[in-house]
Amino acid sequence: NVPEDQADKLLLASWGLPKAVLEKYHSLGVVKMFEWQAECLMLGQVLEGKNLVYSAPTSAGKTLVAELLILKRVLETRKKALLILPFVSVAKEKKCYLQ
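Since the model is a prediction, treat every value here as computed from it, not as a measurement. In every chain, residue numbers begin from 1 and rise along the written sequence. Where local features are concerned, this predicted model is filtered to residues with pLDDT of at least 70; where side-chain atom pairs are given and counted, the filter is 80 or more; whole-chain, interface and lining totals use all residues. In computing side-chain values, all of the structure's heavy atoms are included and hydrogens and water are not.

A. Quick peek at the packing of aromatic side chains. We call Phe, Tyr and Trp rings a pair once their centres come within 6.5 Å, taking the six-membered ring for Trp, and we label the pair stacked below 30 degrees between planes, edge-to-face above 60, and tilted otherwise. Overall, the coordinates contain 1 aromatic pair when judged by the stated rule. Centroid distance Trp36 to Tyr54: 6.2 Å. Interplanar angle 40°. Geometry classified as tilted. One end of the pair, Trp36, is in helix 2 (residues 35–42); the other, Tyr54, is in the loop between helix 2 and helix 3 (62–77), and 18 residues separate them in sequence. Judged by relative accessible area, Tyr54 falls into the partly exposed class, the value being 25%. Across the ring face of Trp15, the terminal group of Lys9 is positioned such that the distance to the ring centre comes to 4.9 Å. To qualify as a helix, a DSSP run of H or I must reach at least 4 residues; to qualify as a strand, a run of E must reach at least 2; elements of each kind are numbered from the N terminus. Only protein chains enter the calculation, and the probe is 1.4 Å; a residue is then buried if its accessible area is under 20% of its type maximum, exposed if over 50%, and partly exposed in between. Only lysine NZ and arginine CZ atoms are considered, and such an atom sits over a ring when it is within 6 Å of the ring centre and within 35 degrees of the ring normal.

What follows is the structure, encoded as structure tokens:
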């Protein structure tokens, strides 16, 4: 669980994302994360590029964790990222979403 003194970590706005990115998430109704998502982002040195393996049921929010890790890393390092998705339909959806 996320400690009470870090409950603000559930809000997307607390992760240092650019305003345009936050506005896009907010327009889609994503303002807050689930506790397990914030826990994933706060584990060890995940935000510094260390590996993370996590599992959750379909439609539980796994993609949001991956997107936030990728976005933060790309913005901080100014390097490119490769996002591999399992289906062409999902890839097309994410392409429009991430633009």
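B. Examining the pattern of salt bridges more closely. A pair is scored as a salt bridge if a Lys or Arg side-chain nitrogen falls within 4 Å of a carboxyl oxygen belonging to Asp or Glu. Summed over all chains, the structure comprises 3 salt bridges. For Lys19, the salt bridge goes to Glu23, with nearest N and O atoms at 3.9 Å. With Lys19 and Glu23 both in helix 1 (residues 19–27) and 4 residues apart, the pair spans about one turn of that helix. On the basis of relative accessibility, which here comes to 62%, the residue Lys19 falls in the exposed class. Its salt-bridge partner being Lys94, residue Glu67 comes within 2.6 Å of it at the nearest N-O pair. One end of the pair, Glu67, is in helix 3; the other, Lys94, is in helix 4 (residues 88–98), with 27 residues separating them in the sequence. On the accessibility criterion, Glu67 (5% relative accessible area) is buried. The class of Lys94 is buried, set by a relative accessible area of 12%.

C. Representation of the packing of helix 2 against helix 3 within the structure. The axes used here are C-alpha line fits, helices contributing only the stretch in contact, and every angle between their N-to-C directions lies in the interval 0 to 180 degrees. For the pair helix 2 and helix 3, interaxial distance at closest approach is 10 Å and the crossing angle is 35°. Here helix 2 and helix 3 pass one another in a crossing that is right-handed. In this structure, helix 2 uses Trp36, Gln37, Cys40 and Leu41 to contact helix 3, whose residues at the interface are Lys62, Leu64, Val65, Leu68 and Leu69. Only Asp, Glu, Lys and Arg are considered charged, only Ala, Val, Leu, Ile, Met, Phe, Trp, Tyr, Cys and Pro nonpolar, and every remaining residue, Gly among them, polar. Taken together, the residues that form the contact of helix 2 with helix 3 break down as 7 nonpolar, 1 polar and 1 charged. Each helix crossing is assigned a hand: it is left-handed if the near helix lies turned anticlockwise from the far helix by less than a right angle, otherwise right-handed if that turn is clockwise. Note on contacts: a residue pair is in contact if any heavy atoms of the two residues lie within 4.5 Å.

Treat this as a map of the structure, not an account of what it does.
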